[in-house]
Each structure stands twice: as C-alpha cells, then as structure tokens.
Amino acid sequence: MALSALLSQHIRVTGIVQGVGFRPFVWRLAEQLGLRGWVRNDSQGVEILAQGGPPALAELQQRLRTDAPPLARVDSVQAQELAAEPFTAFSIIASQSGQAATAIGPDVAVCAECLSELFDPTNRRHRHAFITCTHCGPRYTVTRALPYDRPQTSMAAFPLCPACSLDYTAPANRRFHAETTCCPQCGPRLSLSDAQGRPLAGDPIARTLQLLQNGQIVAIKGLGGFHLVCDARNPEAVARLRLLKNREAKPLAVMLANAASVAPYAQVPAAERALLESRERPIVLLRAQAGCDAALPGVAPGLLSLGVMLPTTPIHFLLFHEAAGRPDGTAWLDQPQALILVMTSANPGGEPVVRDTAEAQTRLAGIADAFLDHDRDIVARCDDSVLQVAAGAAQFIRRSRGYAPAAIALPQSGASVLAFGSHLKNTVCVTRGHEAFLSPHIGSLDNAASCHFQDETVRRLCDLLDVKPQCVAHDLHPDDYSTRAAMAYAQQHGLPTMAVQHHHAHIAAVCAEHGWHGPLLGLALDGVGLGTDGTAWGGELLHIDGAQCERLGHLRPLPMPGGDRAAREPWRMAAAALHELGRNAEIAPRFQNLAASTVTAMLVRQLNSPRTSSMGRVFDAGAGLLGLSHSMAYEAQAAILLEQAATLFIDSHGWPNPMPGGYLISDDGQLDLLPVLGALIDTRNVQHAAAVFHATLVMALTEWGLQAAKTTGLNTLAWGGGCFLNTLLTSQLRQNLQHNGITVLAPLRTSPGDASIALGQAWVALQSLETNRCV
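In this report, the structure presented in the accompanying data block is examined. On a predicted model such as this, the values are computed, not experimentally measured, just so you know. (Residues numbered from 1 in each chain as written. Predicted model: local features only at pLDDT ≥ 70, side-chain atom pairs only at ≥ 80, totals over all residues. Heavy atoms only, no water.)

One open sheet holds the five strands; their spatial order is β4-β1-β3-β2-β5, and the pairing between them is mixed. Strand pairing shows two members of the sheet lacking a second neighbour, β4 (73-82) and β5 (90-92), which therefore form its edges. The average undirected angle you get between the axes of adjacent strands in this sheet is 15°. Relative to strand β3 (residues 45-52), strand β1 (residues 7-16) runs antiparallel, the two being bridged by seven bridges. (Pairing = 2+ DSSP bridges. Helix = DSSP H or I, 4+ residues; strand = E, 2+ residues; numbered from the N terminus. Axes fitted to C-alpha atoms, helices over the stretch in contact; angles between N-to-C directions.)

This part is about the pattern of salt bridges. The full count for this structure, using the stated rule, is 43 salt bridges. Here Asp167 ties to Arg125 by a salt bridge, and the two come within 3.0 Å at their closest N and O atoms. In this pair, Asp167 sits in helix α4 (residues 162-169) while Arg125 sits in the loop between α3 (112-118) and α4, placing the two residues 42 residues apart along the sequence. No difference in accessibility class separates Asp167 from Arg125, as the two residues are buried. In this structure, Glu635 engages Lys425 in a salt bridge whose closest nitrogen and oxygen atoms are separated by 2.5 Å. Here Lys425 lies in the loop between β17 (417-419) and β18 (429-438) and Glu635 lies in the loop between α18 (615-625) and α19 (637-653), a separation of 210 residues in the sequence. For Lys425, a relative accessible area of 28% translates into the label partly exposed. A cluster of three or more residues bridged by salt bridges with shared partners is formed by Glu351, Arg355, Glu359, Arg363, Arg381 and Glu456. (Salt bridge = Lys/Arg side-chain N within 4 Å of Asp/Glu carboxyl O. Buried < 20%, exposed > 50% of the residue type's maximum accessible area, 1.4 Å probe, protein only.)

This part is about the packing of helix α5 (residues 204-213) against helix α10 (residues 314-323). Following both chains from N to C, one finds α5 and α10 inclined at 70°, their axes separated by 9 Å at the closest point. Taken together, the axis directions place α5 and α10 in an arrangement best described as roughly perpendicular. Between α5 and α10 the crossing geometry is right-handed. Contact residues: Ile205, Ala206, Thr208 and Leu209 in α5; Ile315, Leu318, Leu319, Glu322 and Ala323 in α10. When grouped by side-chain class, the residues that make up the contact of α5 with α10 number seven nonpolar, one polar and one charged. (Parallel < 35°, antiparallel > 145°, perpendicular 65-115°, else oblique. Left-handed = near helix turned anticlockwise from the far one by under 90°. Contact = heavy atoms within 4.5 Å. Nonpolar A, V, L, I, M, F, W, Y, C, P; charged D, E, K, R; others polar.)

As structure tokens, this is what we get:
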C-alpha cells in the first residue's frame, strides 16, 4: 500500500499495562493486522505508533480493549492521527521515562504453562524455583521504579543467559519482554541453612521437606516475605511453633496441594474453590469438616473455619512435588496429596513480615530451625490476603498480596491525597487522578517496626506512583502514630491536613468504592474509634453527604471497666452489662477468681470506666455472659465464638425468632441492646441463646435503619466496620433491609474493617478539596 494511502495513529493505553506482557501482545496484534510502527512502555502506560489501513487500525483499537493479556487491566485507549511516516516493520522499542501515570500490578501465582515446564524433565527450566513468564509471578514486590523494565526490578542483578535472551527477544515466545524471566543458568539460587546460618548440603527442596517431615520449623522465603512452616499433621511441631511465635490460640493457615487435597478437612463449595484457585491465591476461610480438629490438632482449635491456601510460588509447588515422589508431568496436581503445611507469616510479635536474610536470621532466631532462602531481593513486603465468602460473595478480611496495590477506580479525577489510615490494621492510600491506590497490609501501629513499615510504605507508594500529594488525611485521634506521622509529613512538605472521624471514614470508603455522590445513611459497627465528642464510638447510625457527617444515633453506651483492658477481657464487658441492669451483686459470684470485686467497685464508683457505644464491646459482653470467652487470646475471638455458637444452632434448627422486647429505640435515636443481653444471663442452652441474640440484633438494626430512612427520606444505606465480617449479621441484615426497599452498599474490593479507613479518609479529603475545606 502506498504511503499516501496509509494512516498513522498515536495510541495511548492506560491501566495495568506494564509487567503483564502488553507490549508483546501489541506486537503480535500488529503482525496479524499487517501494521507497521512501534510500541513502548513509558511513565503513562503503553505508547503505540501504528501505521496501516483504517480497518486494521480500528480493529487494533478494539482488540486492545477486548483481547488484552490476562493480568492486564485496560482503563483507556486513546488515539490521535499523525502524519504518515515511512516504517518497514513493527517493533518494540526502548522505554521512555517521565512523570508516572501508570501502575504496577500485584504479584500472582505460577501459571499453568509454567507449571507444565516446571515438571517436564526435558525442559531446561525443569524444577527451576524461579520460573515465570509474562502471565505470572512477582510484580509489585520486585519493582523499584516505573516504567516496569528489568533494570528497575530486583532481577537487574541477574543478566540473561544467551538462551533466555533468545526467549526475551523472540516475539512469538511467551517470555517476550518478560522482565522476571530466567533459568537455572542465569536466575536466582535457592539456599538452605541451619538456625546459625550454616549452609546445609544437598538439594534445598529435598532437604527442606525432610526437615519438615522430621518436625522442624523452616522459614521459607516467599513473594512478599518469609513464612514460618511446619507439618500441620505433627501436633508437637504445631505446638512448638505456637509457643515460639507466642501465638497461643489464633488459628493458623494451612497450605495443601490442591482442592482435592482439601476436601477431607474442609468443605470446598464452588465460590470458595474459585478463590482458592484464582491467580491471586489468597487464604480462604472454609467450613471445617467434622474431625478436622482431630486430624490437624492445634491448627484452628475449636473453630468451625479453617484458613486454607494453595501453592503460589514455584518453591511451594516443588515442595509438594517432592512429597509426591517427583512425578513427571502435571497430572499429580489434580490428585489428592498427603502433605499439609502450616504456612503462617513470619512476623513475630505482630511486627511486619520478615523479608530479607539478615532480618530473618535476627528476628526469627530461636523460632526457625532452618531457612530456605534465595538471592532475589524482596523490594516490598506484602503479606498474604485473607478472604471469606458471605452470602455467595467474596469478602476481604485482609487485602494484600495478589490484590494490592491494584487501583480502585474513582468516579472522577481529583487532587492527589495521601491518607495515613487507622491505628489498627493499618494501610495507607494515595489518590492520583481518578484512581485510589490502597497499600498492602501494614498492620497495627503498636510497635516501632510497624511504624517504620508505614513510613517505608508511604515513601514507596508515592515514589512508585510519582505522586506529590496536595493534601494529607488522617484520623481524628491525636495520639495515634498514624496521625502524628501524617502531621509530620504535612509539616515537612508544607501541605494542608484533613482530620476524618473514624466511622465517617468507614462509610466514605464504601462510597469511594461505589462511586457514590450525594447523601445516604451509614451504619458503622466496630470495636472503637474516637468520636467528635471525645468519647469512644463504635455503633453509629450516620447521615453522610460527601465530606459532611451527622450522627443520627448510636448504641446505648456501656462502661468499660479498666479502659482498654475491657476490650481484651470479655468478662469485664459482661460485668458492665450486669451493672447497667442493676445486678451488681451477681458479678463477683459469676466471675470468681477474676478481679470481679475490684471491677464491681470501679463500675459503682465510675472509676476508670469510660463509656463506649461500640458494637464490638456488645458482642464481647454477650460472649462473656454466655461463658464463651473470659479473656481473649487474639482480636475478636469473643465475637467469633459467639457467632460460631449461633451458627451451630442455626445450622441444625434454622433461625430462631427474635426476643420480644429485646431492644429499645429512644426518641433521640439511641439503640439499647441491654434487654437481649439480660436474657443471656441465666440461659442453659448457649447455642440457642447466641442465635436469639443474633436474630434480635438483626431485627434491632433493621428497625433502627428503617426509622432513619423514614425520618431522612433516604433509601440507600452503606455499612462498614469490622463487625460486618460476621456473616450471620451481614446476610440477614441485607435481606431484611432490601426486603423493605433499602439499597445496601457494602465493601466489595476492600475489607469492612479498619484496613479500608485510609481509602475513606482520602475520599473525604477529596470531597473537602472540592469545597476548599482541607486546611
């Protein structure tokens, strides 16, 4: 075709289009369509100059949207006509740097094609622990800067061998411009050492499996950090891991080879199986089978759920392959395998997950018997994600590896905001244009290491996204580290700040996810957050309109004898309920051998007993009154046990009727749950009582919400807060509200808990900037 008959177009593609094989995809499309020109990465995404006939160019634009690689997310394709230039072919050219407007994708599990090669004895990557291609493997955790090119990743230290160079430069190859590609000749190396750091001879995979089968604890380097691993079928090993990690009762996650291997220990319905086998490979909470506790003693003691994950990295697969006897091919991947591994984050003391060799040798000293390590640096820590299925839909408990920091689309473009999140389950959030980037899980900011990790994450996210924030958002609590860090950052950079009330942020996060503009009702139920009146809130009915928040109602406040200690010892909240019911004389006899007399005196004299409207503390009171939990070994244990008791009854008998008169709603919008708590005091059937409590709570919240809807004229309600991880509550309350004409907005791409607070803070700040209220 003559040059005069050709069109030339400059095409810009944005979204997650780097590190996902997008340039090779464009090259192949161009070859198929007979186009000439070039494609390259730049700081904005992918840039294309294509020359050809109008039909071919139109098809190119269409297929860029519809046929993109599996890990890509195409947000926009914009084309502009240019003067025709003489090109003889279509090529991939060198990347161009500049101010970033693109993003890097999360890490994902090994793809099926790589697994086929991994277990093919004739393939040169047979049993290569770092096999990867454009469709799988690490992204976020190995990237130092954008554009995403090998020199900007931790693979820069591993120059390609001639064979891998051929793969990398061959357009038809799956590893064409795959930045993490390597082989046994040029890639990272596995190493196994003992607790003192001395090398252990032999094949690292085979020796690691031998250690695990002999009851040892091995620290294994993963994508975003180390795991502490032991044989889940060895009760002594599990007990020793609990003792050394100081994890008395909190459930441990396990890894099995495949869904077929899970079936004897937990139910695997279709929705849960889809999550388990997804490329994100999260930990998924599954309903345990009868006998699971006996088969896996100490893993999830006394619980109805088992946290399960499937292999993610080649190292994981190789361990199961070794245990299976090193079979050729991949047929074994679909067959039940006996090996079950406890796979828990190497984060002693609740600190951030360990990520490098020196840190592992120091922080895991006295815990790990050996270290399965390698020399590919982890640039960014990234803990495992945790999900459950509630009412048929996936619900995040923790959004991290595999999902973060994938952008959450905002309905409109705005200023760049940096939000520092909450004190517990911290994440940070950066907005850029019409996107919000919520960081991977940081954790609770109650230790120096986690605080340093937050500082590190703020710097990394801003640098990686090339964002210079225009406003800093933070929690209302002045003493939280997140608030102090936000104020320091703002002062250092001369930026305005915006304090956002905790429960306002919970609902605002849901508004951000759903792109909601305009007024709506908000129901925030959680453990604690500082209210605008200086008291501890946690059971709030709100009127939200962008940056404006009005408290319409709240739960009747209960005293917390001993302050924060009451949040760890449910019997204290049970005592508080007895006190409020006028039954002080029953506290000491009911809670013998505890500080019951002292607590009674504190309640009577109102000493160190601040009041809270927290729904979390109501759950604690219920669990304490039923004798399910007196002192918690981990956060929300009492609420989990209360929900579990109710679930056992409902599974057998269905939902009971709510308790008549089990709650009161005052004219000023206060919801009083003391009557239903009082009914728990003398019950003999704990499971029935727990189920009645839940049924009554659902009815109370339904009536409370409907009254507010009638008063305000609003028929949309958003909810948030950690209490909405209770699947009994969420399923029934949604059903009730929707049956009564209320549209329910719930978190979809974030957790209902405090991990979403940063997103909500950022959303409120964006609304405030629109009205010049960020000061």
